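# Inside the fold
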Amino acid sequence: MIIRNFGVRHGRQVLSAPPSAPSCLRLLSTQTTTAVAGNEAAVEQLAALSATHAAREARLAAKRQEREIAAMPSKFKKFIAYQKETEKLGSEIERRYLPDEIIRNPPHDASLEDLLAAQCHMGHHVSRWNPANSRYIYGQRSDIHIISLEQTAAHLRRAARVVEEVAYYGGLILFVGNRKGQMPIVTRMAEMAGACHLFQKWTPGCITNKDVLLQGGQLKIVDETDRELQGFDEHLRDCRPVTPDLVVCLNPLENYSMLRECAVATIPTVGIVDTDADPSWVTYQIPANDDSLRSVALIAGVLGRAGERGQQRRLEDAKQGVVAWQTPKDVTTFVNRVNKNIKAEAAAKEKKRLAEGGPDDNGLKPADLMTEEEVLAEMFGPGAVPSKY
Amino acid sequence: MASRSVSPGGALLRASRMFSMPAPLPPPAQEAAQATFRSHSDTATSAYPTHQVITTLSHARKEGDWGLKRPLPLRSTTKSSTPMLRIKGIDTIEQITDYTSGADHGLSLLKFQELGLPISTPSSRISSLSRSDSGARSVFDDDIDCTDIAAKDRAKLVDQRWRFSGPWLAGMSPGDFKKYLAEKVRPRRTAFRNFLKEKIARGLNETAKERALDRAEEEPPEVTVESILDEQVTEYLREVRNQNAILYQLVGEFLDLAPLKPPSDITSDQLMGNQRVTLAPDTRNPYAQHGPPKTHPSAGLSYIRTGAYMENHPVYGPQKEHKPVEARVLRPRSSQHHSAKLGIAGFVSESQAGDNIHNQKSGKSPLRHFDPELQGGAKLYVQPELASVDSDGKLRIKIKDSVDLEAELVARELIGEGEGLFGQQPKQVEEVSKETLRRHYSTKTSRGAQDYGISMDS
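The sections below set out a description of the structure shown in this document. Note on numbering: residues in each chain are counted from 1, in written sequence order. The lettering of chains begins at A and the numbering of ligands begins at 1, in the order of writing. For this predicted model, a pLDDT threshold of at least 70 governs which residues receive local features, and a threshold of 80 or more governs which side-chain atom pairs are given and counted, while totals over whole chains, interfaces and linings are taken from all residues. The side-chain numbers reported here are obtained from all heavy atoms of the structure, hydrogens and water having been left aside.

## Quick look at the overall build of chain B
For chain B, the count of helices and strands is twelve helices and eleven strands. Out of the 458 residues in chain B, the part that is buried amounts to 32%. Within chain B, residue pairs in contact and separated by at least 24 positions form 57% of the contacts whose partners lie at least 6 positions apart. The accessible surface values rely on the Shrake-Rupley method and a 1.4 Å probe; as for residues, cover is taken only from the protein chains in view. Carbon and sulfur atoms provide 52% of the accessible area of chain B, an area that totals close to 30,600 Å². Helix and strand definitions here come from DSSP, where helices need a minimum of 4 consecutive H or I residues and strands a minimum of 2 consecutive E residues; each element is numbered from the N-terminal end. Burial classification: accessible surface area is computed with a 1.4 Å probe over protein chains only, and a residue below 20% of its type maximum counts as buried, one above 50% as exposed, and the rest as partly exposed. Note on contacts: a residue pair is in contact if any heavy atoms of the two residues lie within 4.5 Å.

Structure (structure tokens):
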């Protein structure tokens, strides 16, 4: 770099900005070390000239900035005032429709209006009907069967009662919905009812062939307040996999094998029965549209709420000491057996000790080796021992 | 008839949206006749919608919830900016919901409503050369919009009705007419004779009463219908056989035929011939010329009763003319007989015949010359005047034969085209962009190379 072009090339700012000598030096030293003596004066002159010019620019800029800053508060005040004035305008939407509200916060009971709004009344094409459903059908319209809303509501209430009572009696409930889009519904209702869920394919044989298919599945023993109990490892190792006490199926048509297994194992089932489904597949039918996710979400939500109520009632009663359910027979047998073993062991040990004449299990305590005075001193402190004693 | 009481659920269902969907209309006759409907244009829609168009809320649409049997596929229903569907079947035997887009007719309706045109009765002069068409009235006028008429008043109010149980004979094909005669008319011979007996008895009674009044005598005893002999009826039939007007009136009343407009000009044959020229009685029914409408004459397109309202402009005040609209020239005038076709708000309209601004012989009017260079075709401003629905269900828009230039300029200005008309255009408030402000306030912050004293100025 040629030093005489420095000023031109690097402009005013470098030279005008408080010309800190070190930075200048550093600049120069990094670039060149051979400054021609005659040019130094020119450089200084140029620097001085551009310094004055830049200083004027900077002053102007600073003034402009000050002006704008000074203007800002008034503008801001105006803005705030305007905002305050207009915030009361417009309409307030108190209740807006959110599609997932029915999943997040389902109702405890579905009114006829709810059922209608959720498209529960729409059956299948009239040619696809199952005549066994004729008692649920109100009529036909636009070539589809219309399911009677009263029937749906009544059957839904009955099913909700079943779910609630099974939950109250500590039963194991399984919610099944394995159509596309039913996963959030099934998981949410299982979460509410403290139950199990299935949103994938039912593995055939999970009930009738459970010993093979569900081998090694984790189990736990809980008390009436749902706290896990220890000491049952031996029993859990030996016991058979559990089956649900109630199965709620949102789409019975796709789960024939599961419902059949439940029937074989005498497990009651609750199912949404559309006009093309066979109502005899499930124990407790809910005649409704099983294709619409909204309809399924409403029905599942009501059942989930029922399960939630049952669990709450059960836990409240347990706190009061009321336990409605009975301990399973195998667990009782195991507990009795263990108790019996413990007792027998203790008796055998006692017998052995008596026979050998040895010390009992407790062994010697320090107090056994002390005199009575020492014991008293230990108990009440050295000063507490009566002198006359 | 008292309505049957229904269960609460049934009452809810009856009031539900699904139940309020109307049954689909039969497709337009022309399209139904052709097995595969092919129009000149691949974007042409059918003459009138046959299915109700439905829409849904944006939130529900994302879930596929259209209030139907099952959620609709998201891929084909969420991408449209005009969410309108027509449902052909809520559920079919294949277990699918049969639907197509309904945006074509839905948007046509929206566009038509933007015109602000009332629907009027069809004009009696189809290619009217006169400037004022006084024959057009709103279809909602009380005296012509009535369907609830007692059976005995039907004949009396024939000029004010648009719904008839009988057909419009002029619109029937010969085959249809023969079929109608064989199936509907012939079995009612005895009923017609009884109808004639009533007529004869009434006529006899009236003349007798008049005569008695004239002669200041006592009223003679009434002739009953039963006392009219079959011979009398035959004789009466022979009498009226040659009086077309009376015979048509009798038959029309009996069969409730839609009124016919007699031909306006009498052919030379009839004038020269010896036989008496007897025509159907003249009628003032607006639907006599082109047939009665199939639906309500408004077809649900517009419910405004009159176009006699004034539009207001925010700057220029009330406007004398309605806002003209831009129309696309679909086909220029090809010959003297074919007028140009214009597309207005999605409907095809014909330019006015005769000497008017759209029909200039000189100059390069887009209505006469097709310009292949123009992207999207030529457009021009027109002033729609009347709209009516014909008996085929097609909407006919009649445009005025001239456009007010001032109104056109105002319309152009409203959409941002053209210069200010009267005053100056509002001044644009100069706004400092965020970028400028940011740059301004960040002069003191570090700016890369400049911190090291290297300026980019030169």
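## Side note on the overall build of chain A
Counting its regular elements, chain A contains 13 helices and eight strands. For chain A, the residues scored as buried account for 32% of the 389 residues in total. Intrachain contacts of chain A at a sequence separation of at least 6 include 63% that bridge at least 24 residues. Put simply, chain A shows about 24,700 Å² of open surface, and 54% of that area lies on carbon and sulfur atoms.

## Here we look at the packing of helix 7 (residues 189–214) of chain B against helix 9 (residues 244–255) of chain B
Residues and elements named next belong to chain B. Lines fitted to C-alpha atoms define the axes, with helix axes restricted to the stretch in contact, and inter-axis angles between N-to-C directions lie between 0 and 180 degrees. The N-to-C vectors of helix 7 and helix 9 enclose an angle of 120°; their axes lie 11 Å apart at closest approach. Taken together, the axis directions place helix 7 and helix 9 in an arrangement best described as oblique. In the crossing of helix 7 with helix 9, the sense of the turn from one axis to the other is right-handed. Along its contact with helix 7, which presents Ala 191, Phe 192, Phe 195, Leu 196 and Lys 199, the element helix 9 presents Leu 250, Val 251, Glu 253 and Phe 254. Partitioning the contact of helix 7 with helix 9 into residue classes produces seven nonpolar, no polar and two charged. Angle categories: roughly parallel below 35 degrees, roughly antiparallel above 145, roughly perpendicular from 65 to 115, and oblique for all the rest. The crossing is said to be left-handed when, going from far helix to near helix, the turn is anticlockwise and less than a right angle, and right-handed when the turn is clockwise. Classification used: nonpolar for Ala, Val, Leu, Ile, Met, Phe, Trp, Tyr, Cys and Pro, charged for Asp, Glu, Lys and Arg, polar for all others including Gly.

## A word on the side chain of Ser 302 of chain B
All names here are of chain B. Checked against the element boundaries, Ser 302 lands in the loop between helix 10 (268–272) and strand 4 (311–313). Polar contacts involving the side chain of Ser 302 include one to the main-chain carbonyl oxygen of Leu 117, which spans 3.1 Å. When sequence neighbours within four positions are dropped, the list of residues in contact with Ser 302 reads Phe 112, Leu 117, Pro 118, Ile 119 and Phe 140. Pairs of N or O atoms are called polar contacts if they sit within 3.5 Å, as long as, within protein, a hydrogen donor faces a hydrogen acceptor (for residues adjacent in sequence, only side-chain-to-side-chain pairs).

## Focus on unusual backbone geometry
Despite not being glycine, Gln 119 of chain A shows a phi value in the positive range, around 60°. The residue Gln 119 of chain A is located in the loop between helix 5 (112–117) and strand 1 (122–125) in this model. Residue classification places Gln 119 of chain A among the buried residues on the basis of a relative accessible area of 3%. With a phi angle near 55°, Ala 299 of chain B is a residue other than glycine that sits in the positive phi range. Relative to the elements of secondary structure, Ala 299 of chain B occurs in the loop between helix 10 and strand 4. With a relative accessible area of 38%, Ala 299 of chain B lands in the partly exposed category.

## Comments concerning the sheet that holds strand 6 (residues 246–249) of chain A
Residue and element names in this part refer to chain A. Read from one edge to the other, the open sheet built from five strands follows the order 5-4-6-7-8, with strand pairing classed as parallel. Two strands close off the open sheet at either side, each with one partner strand: strand 5 (196–198) and strand 8 (284–287). For this sheet, the mean inter-axis angle between neighbouring strands, taken without regard to orientation, is 20°. Note that strand 6 and strand 7 (residues 269–273) share three bridges and pair parallel. By definition, two strands form a pair when at least two bridges between them are found by DSSP.

## Some remarks on a negative patch on the surface
Taken together, Glu 372, Glu 373, Glu 374 and Glu 378 of chain A make up a surface patch of like negative charges. Turning to its location among the elements, Glu 372 of chain A is positioned in helix 13 (residues 372–380). Exposure above 30% relative accessible area and the absence of a salt bridge qualify a residue for a patch, where like charges join within 9 Å and nonpolar side chains (Val, Leu, Ile, Met, Phe, Trp, Tyr) within 5 Å. Salt bridge criterion: a side-chain nitrogen from Lys or Arg within 4 Å of a carboxyl oxygen from Asp or Glu. Under the counting rule used here, the positive set is Lys and Arg, the negative set is Asp and Glu, and His together with the chain ends is not counted. The atom standing in for a charge is NZ when the residue is Lys, CZ when it is Arg, CG when it is Asp and CD when it is Glu.

## Thoughts on the nonpolar core
Put simply, buried Ala, Val, Leu, Ile, Met, Phe, Trp, Tyr and Cys residues joined by side-chain atoms within 4.5 Å make one nonpolar core. Leu 115, Ile 173, Phe 175, Val 248 and Leu 303 of chain A are the most contacted members of the largest nonpolar core, which totals 53 residues. With nine residues, the single largest contributor to this core is helix 6 (residues 149–168) of chain A. When residues no more than four places from it in sequence are discounted, the contact partners of Phe 175 of chain A are Val 186, Met 189, Ala 190, Ala 193, Ala 195, Cys 196, His 197, Leu 198, Val 248 and Leu 303 of chain A. In terms of nonpolar packing, the next biggest core, distinct from the first, is built from 26 residues, Leu 342, Ile 344, Ala 378 and Ala 387 of chain B among them.

## Concerning a nonpolar patch on the surface
On the surface, a nonpolar cluster with roughly 300 Å² of combined accessible area is contributed by Phe 76, Phe 79 and Ile 80 of chain A. Relative to the elements of secondary structure, Phe 79 of chain A occurs in helix 3 (residues 40–86).

## Considerations on the pattern of salt bridges
Residue and element names in this part refer to chain B. Counted under the stated rule, the structure contains 37 salt bridges over all chains. Linking Arg 86 and Asp 104 is a salt bridge whose minimum nitrogen-to-oxygen distance equals 2.7 Å. In this pair, Arg 86 is assigned in strand 2 (residues 85–89) and Asp 104 in helix 5 (residues 103–115), connecting sequence segments 18 residues apart. Residue classification places Asp 104 among the partly exposed positions, given a relative accessible area of 30%. Measuring nitrogen to oxygen at the nearest pair gives 3.1 Å for the salt bridge that ties Glu 408 to Arg 412. Here Glu 408 and its partner Arg 412 are both found in helix 11 (residues 405–414), four residues apart, which amounts to about one turn of the helix.

## So, a positive patch on the surface
All names here are of chain A. A grouping of Arg 56, Arg 59, Lys 63, Arg 64 and Arg 67 is seen on the molecular surface, where their side chains present a positively charged patch. Within the fold, Arg 67 resides in helix 3. Arg 67 sits in the exposed class, given a relative accessible area of 56%.

## Structural notes on the sheet that holds strand 2 of chain B
Residue and element names in this part refer to chain B. Reading across the sheet, the three strands line up as 1-2-3 and stay open at both edges, with antiparallel pairing between neighbours. Since the sheet does not close on itself, it has two edges, and those belong to strand 1 (53–54) and strand 3 (98–101), each with one partner. Looking at chain direction, strand 2 and strand 3 are connected through four bridges and run antiparallel. Among the inter-strand pairings, Arg 86 is bridged to a residue of strand 3, identified as Thr 100.

## Details of the pairing of strand 6 of chain A
All names here are of chain A. The alternating pattern of strand 6 places Leu 246 and Val 248 on one face and Val 247 and Cys 249 on the opposite face, and all of these are buried. Sheet topology note: the strand 4 (residues 173–176)/strand 6 ladder contains four bridges and is parallel. When the bridges of strand 6 are listed, Phe 175 appears paired with Val 248. Handedness of a crossover: with both strands directed away from the viewer, a clockwise path from the first strand across the helix to the second marks it as right-handed. In this region the chain leaves strand 6, passes through helix 10 (residues 256–264) and returns to the parallel neighbour strand 7; the handedness of that crossover is right-handed.

## A word on the packing of aromatic side chains
Note on ring pairs: Phe, Tyr and Trp rings are taken, using the six-membered ring of Trp, and paired if centres are within 6.5 Å. Classes follow the plane angle, with under 30 degrees stacked, over 60 edge-to-face and the rest tilted. On inspection of all chains with the given rule, the structure shows nine aromatic pairs over all chains. Measuring from centroid to centroid gives 5.8 Å for Phe 232 of chain A and Phe 334 of chain A, while their planes differ by 40°, and the two rings are tilted. Placement of the pair is Phe 232 of chain A in the loop between helix 8 (210–213) and helix 9 (233–238) and Phe 334 of chain A in helix 12 (residues 329–356), with a sequence separation of 102 residues. Take Phe 334 of chain A: its relative accessible area is 5%, and that puts it in the buried class. For the ring pair Phe 140 of chain B and Tyr 303 of chain B, a centre distance of 6.0 Å and an interplane angle of 40° mean the geometry is tilted. Separated by 163 residues along the polypeptide, Phe 140 of chain B in the loop between helix 5 and helix 6 (174–185) and Tyr 303 of chain B in the loop between helix 10 and strand 4 bring together distant segments of the chain. Through a chain of ring-to-ring contacts, the aromatic side chains of Phe 192, Phe 195 and Phe 254 of chain B assemble into a single cluster. The rule is short: NZ of Lys or CZ of Arg within 6 Å of the ring centre and within 35 degrees of the ring normal puts a charge over the ring. Arg 141 of chain A extends its terminal NZ or CZ atom over the ring of Phe 19 of chain B, reaching a point 4.7 Å from the ring centre. The ring of Tyr 168 of chain A has Arg 313 of chain A lying over it, and the distance from NZ or CZ to the ring centre is 4.1 Å.

## Comments concerning the side chain of Asn 251 of chain A
Residues and elements named next belong to chain A. Tracing the backbone through its elements, the reader meets Asn 251 in the loop between strand 6 and helix 10. Its relative accessible area of 0% is what places Asn 251 among the buried residues. Every residue in contact with Asn 251, bar those within four places of it in the chain, is listed here: Val 176, Gly 177, Asn 178, Arg 179 and Gln 182.

## Observations regarding the packing of helix 7 of chain B against helix 8 (residues 230–240) of chain B
All names here are of chain B. Interhelical geometry of helix 7 versus helix 8 gives an angle of 85° and a closest axis separation of 10 Å. Judged on the interaxial angle alone, helix 8 and helix 7 are roughly perpendicular. Contacts between helix 7 and helix 8 involve Phe 192, Arg 193, Leu 196, Lys 197, Ile 200 and Leu 204 on the former and, on the latter, Asp 230, Gln 232, Val 233, Thr 234, Tyr 236 and Leu 237. When the residues that make up the contact of helix 7 with helix 8 are grouped by side-chain class, the tally is seven nonpolar, two polar and three charged.

## Considering helix 9 of chain B
Residue and element names in this part refer to chain B. Given a helix with a known number of residues, its expected span is that number minus one, times 1.5 Å. Compared with the 16 Å implied by 1.5 Å per residue over twelve residues, the 16 Å span of helix 9 between its first and last C-alpha is a close match. By the burial criterion, the buried members of helix 9 are Leu 250, Gly 252, Phe 254 and Leu 255. Phi for Asp 256, located one or two positions after helix 9, is positive at around 55°.

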